[in-house]
Amino acid sequence: MIIEFEEKLIELIDVRISSASDDELFAGGYLRGHISLSAAACEEEGINDVDVLKQRIEASLEAARSELTPADRTIVNDLWQELANLA
């Protein structure tokens, strides 16, 4: 379940590449890392609950808040919310 959800999120990011703005490309690449690391941690711990994966991605983004400017945080968070709703 976790792997399928991760693949769906990555696919949604990849579909946007051809028409994405620079900001969207940045946000997609940034999110890809957080998604993959969170999914790997869930797999390693035997967690199959997609809601737990979503919580871990959000916690990972929150922990990395200081890496981004407020404007970039908004772009990343908006894309994350959109992807989470679509997947």
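Residues numbered from 1 in each chain as written. Predicted model: local features only at pLDDT ≥ 70, side-chain atom pairs only at ≥ 80, totals over all residues. Heavy atoms only, no water.

Engineer: I'd like a rundown of the overall build of the protein chain, residues and numbers included.
Structural biologist: Along its length, the protein chain carries four helices and zero strands. Listed by position from the N terminus, the elements making up the protein chain come as α-α-α-α. For the protein chain, whose C-alpha radius of gyration is 12 Å, the value lies close to the compact-globule estimate of 12 Å for 87 residues. In the protein chain, which comprises 87 residues, the proportion classed as buried is 34%. Residue pairs in contact within the protein chain that sit at least 24 positions apart in sequence constitute 67% of those at least 6 positions apart. (Helix = DSSP H or I, 4+ residues; strand = E, 2+ residues; numbered from the N terminus. Rg over C-alpha atoms; globule rule 2.2 N^0.38 Å. Buried < 20%, exposed > 50% of the residue type's maximum accessible area, 1.4 Å probe, protein only. Contact = heavy atoms within 4.5 Å.)

Engineer: Pulling in residues and values, what's your account of the confidence of the model for the protein chain?
Structural biologist: When pLDDT is low, close inspection of the predicted coordinates is not appropriate. Per-residue pLDDT for the protein chain has a mean of 95; in total, 100% of the residues score no lower than 70. By mean pLDDT, the top-scoring element of the protein chain is helix 3 (residues 50–63) (96), and the lowest-scoring one is helix 1 (residues 2–16) (94). (pLDDT = per-residue confidence, 0-100.)

Engineer: Summarise helix 1; cite the residues concerned and give the values.
Structural biologist: An α-helical turn contains 3.6 residues, so a residue and the one three or four places further along point in the same direction. With 15 residues, helix 1 should cover 21 Å at 1.5 Å per step; its first-to-last C-alpha distance of 22 Å lies within 8% of that length. In this fold, the buried residues of helix 1 make contact with helix 2 (22–44), helix 3 and helix 4 (70–86). (Expected span 1.5 Å × (residues − 1).)

Engineer: Account for the environment of glutamate 24, with residues named and values stated.
Structural biologist: Among the secondary structure elements, glutamate 24 is positioned in helix 2. Taking C-alpha positions, glutamate 24 is 15 Å from alanine 84, a pair spaced 60 residues apart along the chain. Of the polar contacts made by the side chain of glutamate 24, one reaches the backbone nitrogen of serine 21; its length is 2.8 Å. (Polar contact = N/O pair within 3.5 Å; in protein donor to acceptor, adjacent residues only side chain to side chain.)

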